[in-house]
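Structural overview
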Amino acid sequence: MTTPLVCRNFINGEWVKATTGDVLESRNPSDRREVVATFPHSGNIDVDNAVSSARQAYHSWRLIPAPARAEYIFKVGELLSQQKETIALLMSREMGKCLPEARGDVQEGIDWAFYSAGEGRRLFGQTTPSEMPNKFAMTMRMPVGVCALITPWNFPVAIPCWKAMPALICGNTVILKPAEDTPACATKLVEIFQAAGLPPGVINLVHGVGEEVGKALVEHPDINLVSFTGSSETGSQVGEICGRTHKRVCLEMGGKNAQVVMEDADLDLALEGAVWGAFGTTGQRCTATSRLILHRDIKDKFTTMLQERTSQLRLGAGYEPQTEIGPIINQKQLQRVKTYLDIARSEGAKVLIGGEVATAGELQHGYFFQPTILDEVNPQMRVAKEEIFGPVVSLIEVDNFASAIAVLNSTNYGLSSSIYTQDVNRAFAAMRDIEAGITYINGPTIGAEVHLPFGGVKSTGNGHREAGTAVLDVFTEWKTVYVDFSSSLQRAQIDNRTS
Ligand code: ADP
């Protein structure tokens, strides 16, 4: 065990304690005896301080040319690359994910840095002809202002990077409110932004409890934009407050992602996709596969293959080299998974494998749950409709392609989706008919790349996309500019045509 890291808030370029003087603890979910970090239990005054620091910095930051702003982010990318291994190890201890996945999480931050920093030299607007003579028309992107970035624990470096980097390049200043479970990862990341030389107040970090500091940020009158990733329950509250207070809000919430396996699929390939999609990151990705929709002709064979492969998965601490499935993040989430297992049983689903908390040997010290397959699930059951966020996958049998798509679409969510088939006609029909923000053909539901839009339809989001160039529409406002060089009053919206 190592000495706990002492985390602080980062406000106006200084590392400071909470004005409340209180601290909270972040523990290792693989071994809860270990305190990974202590962090400030901030209150409203800390939020006020962070917001006024960001507001102050905004006045000068927005005037720095975007290519120069992007230079800082290139530097962040370089420093993150240098510290990738150290941060990945910390992440594995603090959040639990397996080391290769933790490295991937940091790598996504690095990829974001280099991809988004390139945008500093683009941020394209449009020019278009005016309907009048001697008049010029164009659009340009304006920053939105001070942005609150509220992030979850499952991608403790990647998601803050996804939000902070484009926000900063677009000329906004930010306040990061990371999840209570991963304060150390957020602190290390913000240390890197500081080391890259960002002016004071451009990035601020406020730790604390979501219902307290998260809510205070969302309600704060001097915040212009809230970018939130987390649960649907919290996202709905955030959206309501932003609606009432006229803030721009980008919500990334739950998913109930499905992988379809048709009778003509390459079953070995579909199996690898299903295992990775369902149990990668212990099922704690918003894009995790939580439903497998199986054509009846291959259902029995595929189920046997899946059961066999799942039974071989090794549970353990993410930083142990042999581990394939790490812990669940905390007691509350573990309880949630257990409750869904009770619901599944009471609704008539059959537990094929797993279904229990794992407590053998060293696992007793952490929050481990056996990888679980539920069979005989029908689309009306709660386990087929609600997000579980753990290593649990439900099998649903279908008779044909049309019912596979109908079942896939039969939830309120629409984030990621996948279909395994060798039939190009079905693949294209699926691309057209699946109601989701992301569709993979012959690939698992997880695996987003930074330069493509990320987000979902229906209750998953509120119509925005992160990543790719789409994220620029979150972090900028369009300004339309007309320049009249005719030296005369030219009246638009008047019928100027003479017959
Ligand atoms: P989860 O249940 O997966 O932890 P949450 O939606 O509770 O998801 O948390 C996601 C982020 O939202 C975290 O940073 C958390 O602190 C924050 N949060 C929680 N409650 C609120 C709230 N009422 N207002 C704003 N942010 C919140």
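Scroll up for the structure.
Values in this document were obtained by computation on a predicted structure and should not be read as measured data. (Residues numbered from 1 in each chain as written. Predicted model: local features only at pLDDT ≥ 70, side-chain atom pairs only at ≥ 80, totals over all residues. Heavy atoms only, no water.)

Another point: the site of the ligand. Among the 18 residues in the neighbourhood of the ligand, the closest are listed as Thr151, Lys177, Glu180, Ser231 and Thr234. A distance of 2.7 Å separates an oxygen atom of the ligand from a polar atom in the side chain of glutamate 180. At 3.5 Å from a nitrogen atom of the ligand is found a side-chain nitrogen or oxygen belonging to glutamine 237. Calculation on the ligand without its partners gives an accessible area of 550 Å², and the protein chains cover 87% of this total. Counting residues per element, the shell around the ligand draws most heavily on helix H7 (residues 210–219), which supplies four residues. (Near = heavy atom within 4 Å. Polar contact = N/O pair within 3.5 Å; in protein donor to acceptor, adjacent residues only side chain to side chain. Areas by Shrake-Rupley, 256 points an atom, 1.4 Å probe, with all protein chains shown as cover. Helix = DSSP H or I, 4+ residues; strand = E, 2+ residues; numbered from the N terminus.)

To locate leftover empty space, one rolls a probe as large as a water molecule over the atoms. For the coordinates displayed, the defined rule picks out three cavities of 30 Å³ or more. Looking at the largest cavity, its volume works out to about 90 Å³. In this structure, the largest cavity is lined by 13 residues; those nearest its centre are Gly283, Ala288, Ser290, Glu387 and Phe389. Residues that form the lining of the largest cavity fall into these classes: five nonpolar, five polar and three charged. Taken as a whole, the second largest cavity encloses approximately 60 Å³ of empty space. Taken together, 15 residues form the lining of the second largest cavity, with Lys256, Arg291, Tyr413, Gly414 and Ser416 sitting closest to its centre. By residue class, the composition of the lining of the second largest cavity is five nonpolar, seven polar and three charged. (1 Å grid on protein atoms, 1.4 Å probe; cavity = no way out; pocket = protein on both sides within 12 Å on 5 of 7 lines; lining within 4 Å. Points joined across faces, edges and corners; volume = space filled by probe spheres on them. Nonpolar A, V, L, I, M, F, W, Y, C, P; charged D, E, K, R; others polar.)

In a beta sheet, neighbouring strands pair by backbone hydrogen bonds and run either parallel or antiparallel. Strand order in the open sheet made by the three strands is E1-E5-E4, with mixed pairing throughout. Among the strands making up the open sheet, the edge pair consists of strand E1 (5–6) and strand E4 (23–28). Here E4 runs beside strand E5 (residues 31–40); their pairing, made up of six bridges, is antiparallel. In the strand pairing of E5, leucine 24 is matched with phenylalanine 39. Of the strands in this sheet, E4 and E5 are in contact with helix H3 (residues 84–95), which crosses E5 at around 110 degrees. Here helix H6 (residues 183–195) sits on the sheet and contacts E1, E4 and E5; the angle it forms with E5, its principal contact strand, is near 45 degrees. (Pairing = 2+ DSSP bridges. Contact = heavy atoms within 4.5 Å. Axes fitted to C-alpha atoms, helices over the stretch in contact; angles between N-to-C directions.)

Our next topic: the packing of aromatic side chains. Under the counting rule described, the total for this entry stands at seven aromatic pairs. Between phenylalanine 10 and tryptophan 15, the ring centres sit 4.5 Å apart and the planes meet at 40 degrees, which makes this aromatic pair tilted. Take phenylalanine 10: its relative accessible area is 4%, and that puts it in the buried class. For tryptophan 15, a relative accessible area of 26% gives the class partly exposed. Between the aromatic rings of tryptophan 61 and tyrosine 72, the centroid separation amounts to 5.5 Å while the plane-to-plane angle is 50 degrees, which identifies the pairing as tilted. Of the two residues, tryptophan 61 is situated in helix H1 (residues 44–61) and tyrosine 72 in helix H2 (residues 66–82); the sequence distance between them amounts to eleven residues. Chaining the aromatic ring pairs together yields one cluster made of Trp112, Tyr115, Trp162 and Phe454. Over the aromatic face of phenylalanine 155 sits the side chain of lysine 97, whose NZ or CZ is 3.8 Å from the ring centroid. (Phe/Tyr/Trp six-rings, centres within 6.5 Å; stacked < 30°, edge-to-face > 60°. Buried < 20%, exposed > 50% of the residue type's maximum accessible area, 1.4 Å probe, protein only. Lys NZ or Arg CZ within 6 Å of the ring centre and 35° of its normal.)

What the rule picks out here adds up to zero disulfides. Unpaired in terms of disulfides, cysteine 161 finds its nearest cysteine sulfur in cysteine 185, a separation of 11 Å. Between cysteine 242, a free cysteine, and cysteine 250, which holds the nearest cysteine sulfur, the sulfur-to-sulfur gap is 11 Å. (Disulfide = S-S within 2.5 Å.)

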